[in-house]
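# Descriptive analysis of the structure
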Amino acid sequence: MGRKFVVGGNWKMNGTKKQVDEILDFLKKGPLNADTEVIVGVPAVYLDYVKCNAPPGVEVAAQNCYKAEKGAFTGEISALMLKDINVGWVILGHSERRQIFGETDDLIAEKVAFALDSGLKVIACIGETLQEREAGKTEEVVFRQIQAIANKIKDWTNVVIAYEPVWAIGTGKTATPEQAQEVHKALRGYICEKISPSVAESVRIQYGGSVTGANCKDLGAKPDIDGFLVGGASLKPEFVQIVNARQ
Ligand SMILES: O=C(CO)COP(=O)(O)O
């Protein structure tokens, strides 16, 4: 299996300059497994600072960007601006963007397509709510979310998918390795059938939702889990352990 393990830290709307420096300190201290790709998702105001001060090998992602180059979109940032400060990645479609800010499957797919066309790499997030899971709709929901993106893009080389069940985000309620593996495997099956077998083989699917130093090894041992997208624990030194989950 040739997929490189990829661990992202999504800081969300957290951090002061002091905290950012503390995070950079533990990233510098590491040691971080050189076989794992590490990406930190930073609030927009700190992107330039973190880009300039992150240790070698730690890549930087924005947590959102709009689907236009520039213009009258007050409060938004563009892919071009991210490129301008050498930020290479963007997280799109996070469940908090979907739920709190009303982003739809279609808007997210347009953003993914625009970011890729602009030369950014994308972590595209999908995942079901508790209500959807309890109604037996997990696969239906994540397939729909993936298909919306597939309708708008052709090349998946620069896309990482993050499966983040909404009920596991920030709740301390992690999906079991078996639950996560089941969805990751189903996603790969769907991609194989509806997109292509080679994309199914090569695309990396991260798990996100209450990943910690304590549970990362068991999750990371599953064959279809290619890394993590970490919220709360990415603000703490424990993040180093998560980066090193698969040795
Ligand atoms: O939303 C997440 C990462 O994008 C997960 O957040 P937590 O790790 O805090 O549950």
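Small disclaimer: the values here were computed from a predicted structure and weren't measured. (Residues numbered from 1 in each chain as written. Predicted model: local features only at pLDDT ≥ 70, side-chain atom pairs only at ≥ 80, totals over all residues.)

## Notes on the overall build of the protein chain
Helix and strand counts for the protein chain come out as 11 helices and 8 strands. Taken against the 2.2 N^0.38 rule, which gives 18 Å for 247 residues, the C-alpha radius of gyration of the protein chain at 17 Å falls within 12% of a compact globule. Seen through its principal axes, the protein chain has C-alpha atoms that stretch 45 × 45 × 35 Å. Per-residue burial over the protein chain gives 42% buried out of 247 residues. (Helix = DSSP H or I, 4+ residues; strand = E, 2+ residues; numbered from the N terminus. Rg over C-alpha atoms; globule rule 2.2 N^0.38 Å. Buried ≥ 20, exposed ≤ 12 C-beta atoms within 10 Å, placed from the backbone.)

## A short note on the sheet that holds strand β8 (residues 227-230)
Pairing is parallel around the closed barrel formed by 8 strands, whose spatial order is β1-β2-β3-β4-β5-β6-β7-β8. Ignoring strand direction, the axes of neighbouring strands in this sheet form an average angle of 25°. In this structure, strand β1 (residues 6-10) lies alongside β8, joined through 4 bridges in parallel fashion. Paired with V7 across the bridge in β8 is F228. Lying over the sheet, helix α8 (residues 177-194) contacts β6 (159-163) and β7 (204-208), oriented at roughly 140° with respect to β6. (Pairing = 2+ DSSP bridges. Axes fitted to C-alpha atoms, helices over the stretch in contact; angles between N-to-C directions. Contact = placed C-beta atoms within 7 Å.)

## Comments concerning the nonpolar core
The biggest cluster of nonpolar side chains holds 70 residues, and the ones touching the most others in it are A61, V90, A115, I123, A124 and I242. Setting aside chain neighbours within four positions, we find A61 in contact with G8, I39, V40, G41, V87, W89, V90, I91 and I123. (Core = buried A, V, L, I, M, F, W, Y, C linked by C-beta atoms within 7 Å.)

## Considerations on the packing of helix α7 (residues 138-150) against α8
Packed helices, taken two at a time, are described by their axes: the angle between them and the distance between them. Here α7 crosses α8 at 45°, and the two axes come no closer than 10 Å. In terms of orientation, α7 and α8 fall into the oblique class. For α7 against α8, the interelement crossing comes out right-handed. Across from T138, E139, V142, F143, I146, Q147 and A150 in α7, the residues of α8 making contact are V183, A186, L187, Y190, I191 and K194. Classifying every residue of the contact of α7 with α8 by side-chain character gives 9 nonpolar, 2 polar and 2 charged. (Parallel < 35°, antiparallel > 145°, perpendicular 65-115°, else oblique. Left-handed = near helix turned anticlockwise from the far one by under 90°. Nonpolar A, V, L, I, M, F, W, Y, C, P; charged D, E, K, R; others polar.)

## A few points about the pairing of strand β5 (residues 121-126)
Along β5, 5 of the 6 residues are buried, which leaves the element largely enclosed by surrounding structure. When strand β4 (residues 89-92) meets β5, the two strands line up parallel, connected through 4 bridges. Bridge pairing in β5 places W89 opposite K121. As paired strands, β5 and β6 are joined by 5 bridges and run parallel to one another. When the sheet's bridge partners are listed, I123 is paired in β6 with V160.

## Things to note about the site of the ligand
With respect to spatial proximity, 14 residues lie near the ligand, and among them N10, G208, S210, G231 and G232 are the closest. A breakdown of the residues in the shell around the ligand according to their chemical character gives 5 nonpolar, 8 polar and 1 charged. (Near = placed C-beta within 6 Å.)

## Considerations on the packing of helix α5 (residues 105-117) against α7
Following both chains from N to C, one finds α5 and α7 inclined at 45°, their axes separated by 8 Å at the closest point. With respect to their mutual orientation, α5 and α7 come out oblique. Regarding α5 and α7, the two cross each other, and that crossing is right-handed. Every residue of α7 that contacts α5 at D105, D106, I108, A109 and V112 is listed here: R144, Q145, A148 and I149. Among the residues forming the contact of α5 with α7, the class breakdown is 5 nonpolar, 1 polar and 3 charged.

## Details of the confidence of the model for the protein chain
When pLDDT is averaged along the protein chain, the result is 97; 100% of the residues meet or exceed 70. ipTM for the predicted complex: 0.99, alongside a pTM of 0.98. (pLDDT = per-residue confidence, 0-100.)

## Quick look at helix α1 (residues 17-29)
The end-to-end C-alpha distance of α1 is 18 Å, a good match for the 18 Å that 13 residues give at a rise of 1.5 Å each. Among the residues making up α1, those that are buried are V20, I23 and L27. For α1, the arc enclosing every buried residue in end-on projection is 60°, short of the 170-degree limit, so these residues lie on one face. In α1, the exposed residues that point more than 90 degrees away from the buried face are K18, D25 and K29. Two residues or fewer past α1, G30 is found with a positive phi of approximately 50°. (Expected span 1.5 Å × (residues − 1). Arc of directions from axis to C-beta.)

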